[in-house]
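Survey of secondary and tertiary structure
Each chain, written out:
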Amino acid sequence: MSNLVLKTEKLHKVYKLGTRKVHALSEVDLQVRKGDFISIMGPSGSGKTTLLNMLGCLDKPTQGKVILDDVDVTKVHEKDLCKFRKYKIGFVFQTFNLMPYLNAIENVELPMEGTEKSKDKRRKRAQELLEIMGLSKREDHRPQRLSAGEQQRVAIARALANNPTILLADEPTGNLDVQTMYEIVRLLSKLNINHGTTIIMVTHDSQVASRAGRMLFLNDGRLLKRERKGMHLMKGELTCPGCRKKIQSNHKFCPHCGKEL
Amino acid sequence: MEHLGVLTRALRNVSRRKIRVLLVVIALGFSLAIMISIPAGIVANQEATQNLSENYETMDTPRGSFTISRPLYEITGVCLNSSFIDSYSILPTNITAGAPLYEGDSGRLLMSSNLSDYFGVGVGDKVEIYGEYFSVVGIYEPAGQGSSGTREVYMNISDAQIITGNAGNFSRLDIYAEDVSNVDGIAEVIEAAYSDELYVTTYEDRLESLNNMQEMCQTTLENAESTLGQTQATAFQEIVIAIGATSLIVLFTMLYTVRERTKEIGILKAIGFSNLNVMSQFMIEGILMSLMAGAVGIVIGIVGAPMISMLLLPSVNPFSTPQRGFPGQTENFGTTLSQSVTATPDPQTLLLAFGVAALLGALGSLYPAWRASRTSPMEALRYE
């Protein structure tokens, strides 16, 4: 299928803890299409982060394939994997992981370092992304002068710097208060709907997970067969989490019940 | 707003750990200062040894003599032979105007040309010395001295004794024996006759003293050369130690930095930085720190080179311990040598120090940077 951007085939990951073997992932088959917004839920130790690390080319499976843009990245040499991480993957972490000695715009520019983009183009791209994140006025603030929500938005902007094929978010709301949590989820939804960004989000929180288009469940390293549709539908239409009526994706408040989206 | 680059990031990283970097830079600075000062000390030692050798080669025969502290009267057995004395005359011979001075020429004098120029007097003029008038009979050119030579006059000894209030007194008397075999006997007679007043030195004594001194100078020269060799060996060891210390300081600092910033390495790799990118960042940071230390080292080196080289190199003054010989002569000789040993780093050494600093920075941060580059991004991201 032409719009398949990421696919895993019988993914296995086994760790050795002393003499004991731990199966972190077992036979994970996953297909991600362009524009998907997938949330992966599961209890602690279910293999969520391990899966995300495989998809993000940070780790290699014991068995199986990870096909990213038609390339089996498990066969790619370690020294070339950095190119996949740079151009195909955007990472968002629970703890933001911004560079404390760089300001917001420099943090966003960081992944563009060493690309063919000129310095001016890098700056322009970073400014565009911060504008999308609503942080135009915070460009020259260092992370320690930004709120948690702002830091996460800078981190998302950084993840999108090289216009990656897929955005991987590992518990992106795990360190945020409830209000900021919804701000970030709404932002991810908007990116998915308005910009067509493909997103895989790992989360504990079922409410956060429910904002995605597809909800997957991982347990003991196995992807469960049951898969649910999230509250948000694709492209242009959303379902209001309050009244369950269909609304346009560009609405900030539900026109039917007035709920903030 | 400046554009981001690896250098900018390296600078920011170096500057955000001010206290640590300051301490490391000072420590490295001292090591580099040692590297700067020691070659300067070696050059100074070489120059000192060269000076010593030259001094030895050009050293005058010492004027050993005997002196008489009170009036010397006629000595039995010693005759005055004017023809013999004439051939050993101390009077100047290069008269440029007027006539020479002869024995018994009372109230007359010979004047050096520079003194005659200074006073504006010439042959036939009268000059007053200590209240007595003398007529200038001749002007002479001070031999080998030029216009800056000693300004002096020669006059009859009895005139000189009178005007200086030393009638009948001598400061030195040269006695020549007709037969060499009689010298020791004459010396004994004179010493016996004037045991309280005279100190007699025979030509043989003078020759022996001269030989002693030559021997001592030879020993001194050998000592200096040996000291120089020892100095060079010590310097080599100290430079090796300084290089090792510098590299180790950079190594441990950068290892600590890499460990401390493991998570940052993980993030950089997760967002697509290659091993080479990560490695170059840490190497540039190490080199930057070393260059800063180089600048500090140069300042310390310029200011403290003499002290550092004095502390770290063996003494180059061969007269640091009392030596046998002519006291006045050796003191002068030793002082001259001691004063000449002043280590001053030349611009080339200072420039080289910067190069060495950069090189050692690169060397010291090579392994930590390599280790950083090999860090697994997944492991690094988990690091807290």
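Below you will find a few notes about this structure. (Residues numbered from 1 in each chain as written. Chains lettered and ligands numbered in written order. Predicted model: local features only at pLDDT ≥ 70, side-chain atom pairs only at ≥ 80, totals over all residues.)

**Topic: unusual backbone geometry**
Residues and elements named next belong to chain A.
- Backbone geometry places Asp69, a non-glycine residue, at a positive phi of 50 degrees.
- Taking the C-beta count within 10 Å as the criterion, Asp69 has 13 such neighbours and is therefore assigned partly exposed.
- Phi angles above zero are rare outside glycine, and Asp70 is one such case at about 70 degrees.
- One can find Asp70 in the loop between β4 (63-68) and β5 (71-72).
- Owing to 9 C-beta atoms within 10 Å, Asp70 belongs among the exposed residues under this scheme. (Buried ≥ 20, exposed ≤ 12 C-beta atoms within 10 Å, placed from the backbone. Helix = DSSP H or I, 4+ residues; strand = E, 2+ residues; numbered from the N terminus.)

**Observations concerning the sheet that holds β4 of chain A**
All names here are of chain A.
- Judged by pairing direction, the sheet is antiparallel, and its four strands sit side by side in the order β2-β1-β4-β5 without closing on themselves. Two strands in the sheet have a free side with no partner beyond their single neighbour: β2 (20-33) and β5.
- In the sheet, strand β1 (residues 4-17) pairs with β2 via ten bridges, with the strands oriented antiparallel. Pairing of Lys13 across the sheet is with Leu25, part of β2. (Pairing = 2+ DSSP bridges.)

**Some remarks on the pairing of strand β7 (residues 166-170) of chain A**
Residues and elements named next belong to chain A.
- Burial of β7 is extensive: five of the five residues sit out of reach of the surface.
- Across four bridges, the pairing between strand β6 (residues 89-92) and β7 is parallel. Bridge pairing in β7 links Ile89 to Ile166.
- Direction of pairing for β7 relative to strand β8 (residues 199-203): parallel, over a ladder of four bridges. When the sheet's bridge partners are listed, Leu168 is paired in β8 with Ile200.
- The parallel pair β7 and β8, bridged by helix α6 (residues 178-195), forms a crossover whose chirality is right-handed. (Right-handed = clockwise from strand over helix to strand, strands pointing away.)

**Some thoughts on the interface of chain B and chain A**
- Chain B puts 18 residues into the contact, and the matching count from chain A is 21 residues.
- Of all the elements in the fold, those that place two or more residues in the side of chain B that touches chain A are α1 (6-15), α8 (262-270), α9 (275-312) and α12 (377-382) of chain B.
- Ranked by residues supplied to the side of chain B that touches chain A, first place goes to α8 of chain B with four residues.
- Residue composition of the side of chain B that touches chain A, by class: eight nonpolar, six polar and four charged. (Contact = placed C-beta atoms within 7 Å. Nonpolar A, V, L, I, M, F, W, Y, C, P; charged D, E, K, R; others polar.)

Honestly, that's just the spatial picture; any functional story needs more than this.
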